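Given next are the chains, with one letter for each unit.
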Amino acid sequence: MALLLRKRLILIETESSYGTDPTPNGADAVLVKGLEITPQSSDVVSRDLIRPYLGASQQLLANTRVECSFSVELAGSGAAGTAPQYGKALKACGLAETVVANTRVTYDPVSASFSSVTIHYLIDGVRHKVTGCRGNVAITANVGEIPTLDFTFTGIYVAPDDSALVTPTYVNQDDPLIFKNGNTSSFQLLSYAGALQSFSFDLGNSTVYRELVGGSKEVLITDRASTGSVTIEAVALGTKDYFASAVDDDAALGNLQFTHGSVAGNIVQFTSSKVDIGDVSYGDQDGIAMLNIPYTCVPDAAANVEFDLVYT
């Protein structure tokens, strides 16, 4: 019987012991879009044999792992102080989760004690279990669109099996809001509240899959370099001179922030006071001059304070 691609489901649960499947169920379902899986991703080793006739050599597979990617809508849980359903995925990208009951949930980068998740990817009766998942997340926000968190994960390969689709219980993911004036507010870059067209952010995790003799299969986060860009309307230099900020204030770090949403339980704020901007360039939108401004989030001596992602 043919498998229907439309009938897919993803379950995500935090592992209490790395690489051990916590057996997620329907209550661990996450509403996603753009769901993709590479069920087997291996390093191909060719034997490259020398023989007195033409033909290929046998190909051997090493370090077989699984890669999975998906996006979630940038929205809160619907209740202030309750983590969004995809919070487990954020933690598995090297972020710590701090909950203040009935008030806020904050995600901050860490440099040790990384969380991990097991992902169950189900496609119309076939189940792929992926354990020990760690990965990276990016934010994409353009005016007139639904902003998203875009996840990419690598995990340990487990042989797939036949398993009926579970009944999902979708909770703690409120309805999204369009990224636009009114829904989105409080934008600033280097203390200037410009007219924002788009915002992007990449946590910039470096991940590696290791499978050594005498060791264990594991996905490691080995580095982080958080970058992104904003596109805003160009203004007179007397109003704000980002060109001078990029060149003259090379050692200075400034702020970057925006707030999306206005109703408690569905407000998301990105904030950083550690932004270093790069070369500024011009763009065009509807005949209006725009500034494309790349940035890097730089930790200070306290470490792990490049940015905050706050849900209230």
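Look above for the structure.
Below you will find a few notes about this structure. Remember, predicted model here, so these are calculated numbers, not experimental data.

1. Some details on the pattern of salt bridges
Part 1: Applying the stated criterion to the full structure yields seven salt bridges.
Part 2: The partner of Asp124 in a salt bridge is Lys7, with the nearest N and O atoms 3.4 Å apart. One end of the pair, Asp124, is in the loop between strand S6 (117-123) and strand S7 (126-142); the other, Lys7, is in the segment before strand S1 (8-14), and 117 residues separate them in sequence.
Part 3: Between Arg65 and Asp43 there is a salt bridge, with its nearest N and O atoms 3.1 Å apart. Of this pair, Arg65 sits in strand S3 (residues 59-73) while Asp43 sits in strand S2 (residues 33-46), and the two are 22 residues apart along the sequence.
Part 4: With relative accessibility at 32%, the residue Asp43 sits in the partly exposed group.
Part 5: Beyond isolated ion pairs, a larger network of salt bridges with shared partners links Glu13, Asp28 and Lys88.

2. Looking at the packing of aromatic side chains
Part 1: For the structure shown, the criterion picks out 15 aromatic pairs.
Part 2: Ring-pair connections join several aromatic residues into one group, and the members of that group are Phe179, Phe199, Phe201, Phe258, Phe270, Tyr295 and Phe307.
Part 3: Cation over ring: Lys240 sits above Tyr242, and NZ or CZ is 5.5 Å from the ring centre.

3. Details of the nonpolar core
Part 1: With 58 residues, the main nonpolar core has Phe70, Phe151, Leu189, Phe199, Tyr242, Ile277 and Tyr311 as its most contacted residues.
Part 2: Once residues lying within four places of it in the same chain are set aside, the contact partners of Phe199 are Ile139, Thr140, Ala141, Ser229, Val230, Leu256, Phe258, Phe270 and Tyr295.

4. Considering the environment of Ser245
Part 1: Residue position: Ser245 is located in helix H2 (residues 242-248).
Part 2: Classification of Ser245 by relative accessible area gives buried; the value is 12%.
Part 3: Residues Ser245 and Asp276, 31 residues apart in the sequence, show an inter-C-alpha distance of 9.2 Å.

5. Some words on unusual backbone geometry
Part 1: Despite not being glycine, Asp48 has its phi angle at roughly 50°, a positive value.
Part 2: Residue placement: Asp48 occurs in the loop between S2 and S3.
Part 3: In the Ramachandran plot, Asn63 falls in the positive-phi region, its phi being about 55° despite a non-glycine side chain.
Part 4: Along the chain, Asn63 turns up in strand S3.

6. Focus: the environment of Val158
Part 1: Looking at where Val158 falls in the secondary structure, it is placed in the loop between strand S8 (148-157) and strand S9 (161-162).
Part 2: On a C-alpha basis, the gap between Val158 and Thr131 in space is 7.6 Å, while along the polypeptide they are 27 residues apart.
Part 3: The residues contacting Val158, other than those within four sequence positions of it, are Lys129 and Thr131.

7. Some remarks on the pairing of strand S14 (residues 227-233)
Part 1: Pairing between strand S11 (residues 196-202) and S14: six bridges, direction antiparallel. Looking at S14, one finds that Phe201 is bridged to Gly228.
Part 2: Strand direction decides the pairing type here: S14 and strand S18 (residues 288-297), joined by seven bridges, are antiparallel. The residue of S18 that forms the bridge with Ser229 is Pro294.

Calculation notes
- Residues numbered from 1 in each chain as written.
- Predicted model: local features only at pLDDT ≥ 70, side-chain atom pairs only at ≥ 80, totals over all residues.
- Heavy atoms only, no water.
- Salt bridge = Lys/Arg side-chain N within 4 Å of Asp/Glu carboxyl O.
- Helix = DSSP H or I, 4+ residues; strand = E, 2+ residues; numbered from the N terminus.
- Buried < 20%, exposed > 50% of the residue type's maximum accessible area, 1.4 Å probe, protein only.
- Phe/Tyr/Trp six-rings, centres within 6.5 Å; stacked < 30°, edge-to-face > 60°.
- Lys NZ or Arg CZ within 6 Å of the ring centre and 35° of its normal.
- Core = buried A, V, L, I, M, F, W, Y, C linked by side-chain atoms within 4.5 Å.
- Contact = heavy atoms within 4.5 Å.
- Pairing = 2+ DSSP bridges.

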